[in-house]
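# Commentary on secondary and tertiary structure
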Amino acid sequence: MFWAPHKKCIMHAHADPKPLKMTFRYKAPPAGAGRITFKALIKVGPANDGFFYYPNGIHKIIGPQIPTGGFPGAHVPFRLTEGTALSSSWVMGGLSESCHEACASHSMHCDESTLKGSKIATPSRMESVLGFLGAAVPYIADCGSVSPGLTSKGKSYYNAVNAGLCSHVTASDGRPSCGSWNPQASRFCACKATSARTLSLEAKRQVNPTLFRAPILHTSKMTIEAPEKEEEISDNAHTNSPKLPNQIHQTAMLVLGGMLGGMSLWILRKNRLGAPAVLSILLSLATPVSAHNWLRCPGRAFFEASTTNPFRPRKVSDTHAQLGPGQKMAVKFSSGHHKNHYFVAINGAHQHLIYENDYKDNVRDYFNNVPSGMNLASKFPRLHSCHNTFSNCNDPNYFAGKVSKSDSIYCDHPNYPSKFPIYKWKSQHLVNDVLTYYHSAKYPWIVGGGRYENIAHMPFDEDIFCMEVPLKNASLGNHHIVHWFWNGYYDAIDVNAHATRVPDGLIYGKNTGTSMISRTDHCQHVKPRALITPIRDATANLTQCFQDLTDVAHNRNAVPEIAMNVVPLDNPDLVALPNVMNIPLNFTDDLENQNIRWPPDTLNIALESPLMRLTGKVTRGGMNWAPFIRSLTVRRGHKCHHPRPEDTLENIVQYAFEQPTYYLGFLWVHENRDLKEVYGNTAGKLYRCARTNNSRPSSSYHTFWFPRNLMESPATVGWPSSFSGNPFSASYKISFQPKNPKWDRKPFSINLEPGWKVDNGEVYSDARGYGWRCKQDMAIETNQPRPVPALATNRSVGRTERLNERFCADGKLNSWEIAVPNGAYAATVLHERVRGSIEFGCALENTRYSRGNMATRSVVVEVKDGKFTLSQTGEHSTSYVDNLQRPTTCDDIFWIKLDRLASRLPQMLNAPTSGRKQAWWQTEFPSASQPVGAVIIELPTVLFMSFASYPGSARRYKSNCMNRWFYEPGASCMQTRNLAIYGTGQYFDERDDPDIFRKIYAGEPTPRMKRNYLQYPQPWGSYNISNPNVGAVVSLSDLPCTETGGCPKTNEKICRVIAETSFFRDRSLHRWESLIKIDCKGQTGKYLRVYLRGQNRVLMMRRVHIHRPVVLPTQLATPAPNHRKSLCYGVRPRVASETTPSFITTDDPTDPIFYSTCYTRSWLIEWLPLSKTAPPVPRKFIFNGECLSCQSFRETDPSIPISQNKTINWYFSTDKCQNCKLELSPWEEGKAPTKAPTSTPSAAYPTPQLTVSRFKVELVLNLAMSEVTPPWIKRFNKNVCSLIDVSYGCVHSVFEAGSVRATLRFTNSSYGDPYNQAKTLIRVTNAKKKLVESKLGAPIIYMDQSPTYIGDDVTKGDTEGHEKDSNGWDDASFFSIFAAFLVCIILLVGGCVYMCYRRKNAKTIHLNSQNRLEDIHHVKAVEQLPREY
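Residues numbered from 1 in each chain as written. Predicted model: local features only at pLDDT ≥ 70, side-chain atom pairs only at ≥ 80, totals over all residues. Heavy atoms only, no water.

### Re the overall build of the protein
The number of helices and strands found in the protein is 17 helices and 74 strands. Scored against the burial criterion, the 1429 residues of the protein give a buried share of 55%. (Helix = DSSP H or I, 4+ residues; strand = E, 2+ residues; numbered from the N terminus. Buried < 20%, exposed > 50% of the residue type's maximum accessible area, 1.4 Å probe, protein only.)

Listed below in structure tokens is the structure:
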């Protein structure tokens, strides 16, 4: 366990990701304890990150992060109150007891009719009847007469004869019997009293298994309150809590409060139970916890700090190195925190030993006892790679210089080399390092390894050493595991060890240049970098899914690291969160708390699927195209030479703007229509004409030629013809300064040039004519190259303070406005430079101008509402190098300058505007009330990717003024230069150039202009939605839009009002506009409409894609019995890091991810052939207490070739649990040995007089002989028993070729603490040890002197079990003879003696074969069991 502040807490013993539901068996306190309160603390997020919270909202939150909407919780803790005693007729017997004996110990008889009945014939009935006894779940089917029972290893079995699962066993042999017993079984027994009395729970610790339900505590927003106030809640607040009988506490099935995003539940199972009975608490956890320490070379976790103990499951592609004799591989690990890193090499055939409880102790013991001369750490010292920024490898206290590749001690991974130089540690820091490959007789399964303690806290650095993995036993196979663990974090490096040398160039395999696909079960790629294929039907097979992956892999510039998720359409009933689906269906549901987040940049690719696409009849209206068509040259009955694919009139005009010298007109197949119909909804077919304006006669066609210039001349809007002197009709110059500037605590004044005004951060007022939405802090720039107090202070001394962190009361970032006449302006700002680049977070009058890291920028904008606005986007972008989100910041500003150029910007000639009408576009669906999900709008100029183009863009980005028309009125359009008129922005280079605009307009080069090319001003940021003439609306309605009336508002269902531009979230592409994405969230309507707000609008959209909100089950194939309908989609996984794995796996069937499968396409690495294939890893059929259907167990075998394209389906047994690995219970099937019933118990329960405690000690002995003789066995038993001062006959031993397994059992009678007395009893002195060693002929290597506590007898009497030893003696027979002998003594002598039968328990542990006698190899004692068992 982790450290807990006091003993009343229970904590998880490791940091593995937790199941959504966890069951804790809780033993209620003795009668009189009163009310019990249950509290819990949940950790969400990775190590060194995230937060803690109480799911019921009882205490103050620990941690700075608060989810949107606050923390859930009912403000009411879960409490149980005490009630009256109940009775039960079921008991659990002791180990090796029959039900006759178990019931007799409670003064009752065994009720065989109930035992053989159907009350416990299924796992659910077992739990409802016997769950209070504390049996482990699941209950596994058994066909033996000993079941129902619990094995000595804690597995629970139910008798499945009545369930029809034991047809191969006769019912008479397989049904439970009262007399059946087994030395490894604790039976569940039905008892009945000899009289009408019941068994009091106060005396007998048993309860009635009646069920009831507690009320649900509803989720509500949590109020933060001090912890001590919780106890002040009055009992009146808990009137609905369950009232429990006196002297008994019942369990409850109870939701303790909503968790984040509906992800987490708290459930308490409801059974009646008494003082020693069991309370099952089911904890539902949030996002699994990650860690932060990791290997920095390839392993199964692949650079992630994994807490999966002992390591992640091995994938097909998990081979990381191959080594021959004397060859080494590089191992790299982080060097941040204190404590030892352990690297243990074992053969893959021995990996089961890693799961043993004493594994880490054995490893530490191995490294603590390295023989002299066998530590090679000084000969092959570890090295260190320093991060240039955060570490100093020139520190003489730690390092002894650089290591070059020519040095004999040089070590690095050639495929993942260190980014920084490698250094030698000083030798005094390496004295505790261990690198060894010695053979241990005690731990022969350890091949070798290393132990390295972190020397200094250098978390950004890495240590490196080179190690061998020798092939010591070729008969076990070539596959080896180098297991790394450090303080609860784990990984594994898979190595093939060969008997001959591997070519040096092949140690890390050979990249074939081809790809392979590997499968990972119970897995999903979460938060992928991109979605790369459409959603497909994967119900029947994966053929189309794999074909899509292949197609993407063959695209231009394709990346090899792509993958695929296969997920069920609907979650099974076992899933705790049925509505959490890992299917990319919409844009707005960011399921962060489920660790699911879709990349919005490529979600359109997943939605390209026919399963998702919605189509209908498209109509448009509201715009007057007649003036534009009249301005074109029409050649009737002519066809252009190079027509392009069919398109719409809007798209044809857009292409003409983008490539005016290429697309010169369009072709119309008129079909005898009137000319005005060319821009109507029944126009027919239109085609772009390219390259030449020549045409040839063709009666069915008309060709339209565009004019040479589609734009107005700047002179028509009053653009200055000369920039000499001061050509601007008005200039506005504002310097941002603190009100009372001080330097070094001394006030000083700022000297501004003529015409400049000061803004002190005040809120906008009409009197001043400029200001902020909310008060803005100002500051003095302290990084100037000249002293601030100098007389040369100017407009660049002051600046805004933390502009990108200042939020107003409405939660939006601050913005600045100034009242100016409408018109075209050149806006120039000077940004702070010292904090890096501007990052595209600013917008000047909704125009993007931030590019690169230039501090001074200018851009031409048009003011249309009487106010110029400087705003911030307030958005985030994601870097897929480190998976981190960063804000798109607007750095602090020194000053802003506006120069008025003209009354407005030039516009498109004869633009098709709406005038006083409403511009609209709509799709009419075939059926009424059509549910709609994602809607994607493609404007004329956006960057996006498609299935056919990924990872490239679907079309080349070209700037175009038409995007702006979608957001604001008019048809302004002018190309300008990207301006940087103040050079680099240095303080000494703030010169005005009065001729700069003439140079810009003429396209003349200037040394202070960057990116000197023409471009259209790009719309950016959010528009003021209070302006009725900006933005667009996407809505659903049963009423259509019309040419005269526009789109009616009656019963309109608005999906979204679009008032902000859309851009790429990928940080590398963040400066480009992207597809506009809207989620209608399943709202219904006959028509999907897109219309522009206000008048004089121009609607130019390239395409609108409409999608379903969900995949319809009827669209998918019919699955096989027990299978589910499934979907697949391709992803580009995110880059794995120490805290962000590329995929998540789980063994929790209540988690939706359990039923999903990952397929990963990666480079095929070729390895040398193996002399012997490693045995398959044992498979599980029990997952978090649930039993897999054996048919599903067979269908999901990892050996099934991926080439079969088979969809993997996981499903569980319905109220039956069979061992799919065909392993039998310890007592096997059919009738077991029986014991006769004891005499009728007395009506009164006897008072205990003496406690007889039973213990056992286990030994393993390795033999050199192939067989043993009876005399040798007798000598062995005698001497081993003498080792612990107990009489001959204590041993139950099983001899096989090359090994012996022995279990020593003994009892100890005491009135005090039986366990401490038992430890004294088996204490081995040196003299006794040497005596036994001499008799056995070999030394005792190791003995753990901690006995295993089996249980207590409450009286002296017949408590002994029966088993046979290796001589064929039946213990029952032996003790019967001994009892008869005692009777004879009583008759002859007349004395009275007590009979004490010793209880014995047989337990088998791991066998090891050796070529020589090693004597006692291991004395193992498992932890003490609870006495109530």
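### Digging into the side chain of Arg964
Looking at the secondary structure, you find Arg964 in helix 11 (residues 962–965). Judged by its relative accessible area of 9%, Arg964 is buried. Not counting residues up to four positions away in its chain, the partners in contact with Arg964 are Glu845, Asn846, Thr847, Pro1017, Gln1018, Pro1019 and Tyr1023. (Contact = heavy atoms within 4.5 Å.)

### Overview of the sheet that holds strand 46 (residues 816–819)
Overall, antiparallel pairing links the four strands, which are arranged 43-46-50-48 in an open sheet. Both outer strands of the open sheet, strand 43 (770–772) and strand 48 (842–844), are each paired with one neighbouring strand and no more. With strand direction ignored, the average angle separating the axes of adjacent strands in the sheet is 10 degrees. The pairing of strand 43 with strand 46 spans three bridges and is classified as antiparallel. Among the inter-strand pairings, Trp772 is bridged to a residue of strand 46, identified as Trp816. (Pairing = 2+ DSSP bridges. Axes fitted to C-alpha atoms, helices over the stretch in contact; angles between N-to-C directions.)

### A look at the pairing of strand 56 (residues 934–938)
For strand 56, a buried count of five out of five residues is recorded, marking the element as mostly surrounded by other parts of the structure. Residue alternation in strand 56 divides its side chains into two sets, Ala934, Ile936 and Glu938 and Val935 and Ile937, and both sets are buried. Bridge analysis of strand 56 against strand 61 (residues 1076–1079) gives four bridges, and the strand direction is antiparallel. Across the sheet, Ala934 pairs through a bridge with Asp1079, a residue of strand 61. Bridge count for strand 56 against strand 64 (residues 1103–1107) is four bridges, and the pairing is antiparallel. Residue pairing for strand 64: Ile937 is matched across the bridge by Val1104.

### Regarding the pattern of salt bridges
On inspection of all chains with the given rule, the structure shows 38 salt bridges. The salt bridge involving Asp365 is made with Lys442; its shortest N-O contact spans 3.0 Å. Taken as a pair, Asp365 in helix 6 (residues 359–368) and Lys442 in the loop between strand 22 (434–436) and strand 23 (446–453) lie far apart in primary sequence, 77 residues in all. A salt bridge links Arg802 to Glu801; its shortest N-O distance comes to 3.0 Å. Relative accessible area serves as the criterion here: at 18%, Glu801 is assigned to the buried category. (Salt bridge = Lys/Arg side-chain N within 4 Å of Asp/Glu carboxyl O.)

### Some remarks on the sheet that holds strand 38 (residues 695–705)
Strand order in this open sheet of five strands is 34-38-36-37-35, and the pairing throughout is antiparallel. Each edge of the sheet is formed by a strand with only one pairing partner; in this case those strands are strand 34 (633–640) and strand 35 (643–647). Taken over all neighbouring pairs, the strand axes of this sheet differ in orientation by 35 degrees on average, direction set aside. In this structure, strand 36 (residues 663–669) lies alongside strand 37 (residues 685–690), joined through six bridges in antiparallel fashion. Counterpart to Tyr663 in the pairing with strand 37 is Ala690.

### Things to note about the nonpolar core
Phe657, Phe666, Ile937, Trp965, Phe966 and Leu1088 are the most contacted members of the largest nonpolar core, which totals 80 residues. Per element, the largest residue contribution to this core is five residues, and it comes from helix 10 (residues 649–658). The contacts of Trp965, once residues within four sequence positions are left out, are Phe657, Met908, Gly970, Ala971, Ser972, Cys973, Leu1092, Arg1097, Val1098 and Met1100. One finds Ala185, Met564, Ile605 and Met945 within the second-largest nonpolar core, a separate group that totals 44 residues. (Core = buried A, V, L, I, M, F, W, Y, C linked by side-chain atoms within 4.5 Å.)

### So, unusual backbone geometry
Residue Pro138 is bonded to the preceding Val137 through a cis peptide linkage, with omega at 5 degrees. Mapped onto the elements of the fold, Pro138 is located in the loop between helix 3 (123–130) and strand 9 (139–142). The amide bond that connects Asn309 to the next residue, Pro310, takes the cis arrangement and shows omega of 5 degrees. Note that Pro310 resides in the loop between strand 15 (278–283) and strand 16 (321–323).

### Focus on the state of the cysteines
For the structure shown, the criterion picks out 16 disulfides. Covalently, Cys103 is tied to Cys191 through a disulfide, its sulfur atoms 1.9 Å apart. With the S-S dihedral at roughly -80 degrees, the linkage between Cys103 and Cys191 falls on the left-handed side. Highlighted residues: Cys103 in helix 1 (residues 99–104) and Cys191 in strand 12 (residues 185–193), separated in sequence by 88 residues. We note that Cys103, like Cys191, is buried. Across a sulfur-sulfur distance of 2.4 Å, Cys1190 and Cys1220 are joined as a disulfide pair. (Disulfide = S-S within 2.5 Å.)

### What about the packing of aromatic side chains?
Going through the model one piece at a time under the given rule, you end up with 48 aromatic pairs. Grouping aromatic residues by their ring pairs yields a cluster made of Tyr342, Tyr359, Tyr366, Phe367, Tyr438, Tyr443, Trp445 and Phe485. A cation over a ring is seen here: Arg300 above Phe311, with NZ or CZ 4.7 Å from the ring centre. Directly above the aromatic system of Trp1020 lies the positively charged group of Arg848, at a separation of 5.7 Å from the ring centroid. (Phe/Tyr/Trp six-rings, centres within 6.5 Å; stacked < 30°, edge-to-face > 60°. Lys NZ or Arg CZ within 6 Å of the ring centre and 35° of its normal.)

### Let's talk about the side chain of Thr869
Counting through the fold element by element, Thr869 comes out in strand 50 (residues 867–872). Apart from residues no more than four positions distant in its own chain, Thr869 is found in contact with Trp816, Glu817, Ala843, Leu844 and Glu845.

### So, the environment of Gly616
Here Gly616 is to be found in the loop between strand 32 (613–614) and strand 33 (617–621). It is 9.4 Å that separates the C-alpha atoms of Gly616 and Ser927, two residues lying 311 residues apart in sequence. Leave out the neighbours within four places in its chain, and Gly616 touches Thr923 and Glu924.

### So, helix 10
Burial runs high along helix 10: ten of the ten residues are buried. Burial in helix 10 covers these residues: Leu649, Glu650, Asn651, Ile652, Val653, Gln654, Tyr655, Ala656, Phe657 and Glu658. Each element contacted by the buried residues of helix 10 is listed here: strand 33, helix 9 (626–630), strand 35, strand 36, strand 37 and helix 11.

### Quick word on the confidence of the model for the protein
Per-residue confidence for the protein averages 76 on the pLDDT scale, and 70% of its residues sit at or above 70. Residue range residues 58–67 is modelled with pLDDT below 50. Its contacts to residues more than four positions away, or to other chains, number 30 contacts. Taken together, the stretch residues 1262–1266 has pLDDT below 50 and engages in 23 contacts with residues farther than four places along the chain or on a different chain. (pLDDT = per-residue confidence, 0-100.)

### Thoughts on the environment of Phe38
Looking at where Phe38 falls in the secondary structure, it is placed in strand 2 (residues 36–38). Distance in space between the C-alpha atoms of Phe38 and Phe78 is 5.5 Å, their sequence separation being 40 residues.

### Observations regarding helix 6
It helps to recall that an α-helix has 3.6 residues per turn; residues three or four apart then point in one direction. Among the residues making up helix 6, those that are buried are Tyr359, Asn362, Val363, Tyr366 and Phe367. Taken down its axis, helix 6 places every buried residue within 130 degrees of arc, on the same side. Here the buried face of helix 6 lies against strand 18 (340–347), strand 22, strand 23 and strand 25 (479–486). (Arc of directions from axis to C-beta.)

### Brief notes about a nonpolar patch on the surface
Side chains of Ile1025, Ile1054 and Val1057 sit close together on the surface and give an oily, nonpolar patch of about 220 Å² of accessible area. Mapped onto the elements of the fold, Ile1025 is located in the loop between strand 58 (1014–1015) and strand 59 (1032–1037). With relative accessibility at 40%, the residue Ile1025 sits in the partly exposed group. (Patch = residues over 30% accessible without salt bridge, like charges linked within 9 Å, V, L, I, M, F, W, Y side chains within 5 Å. Areas by Shrake-Rupley, 256 points an atom, 1.4 Å probe, with all protein chains shown as cover.)

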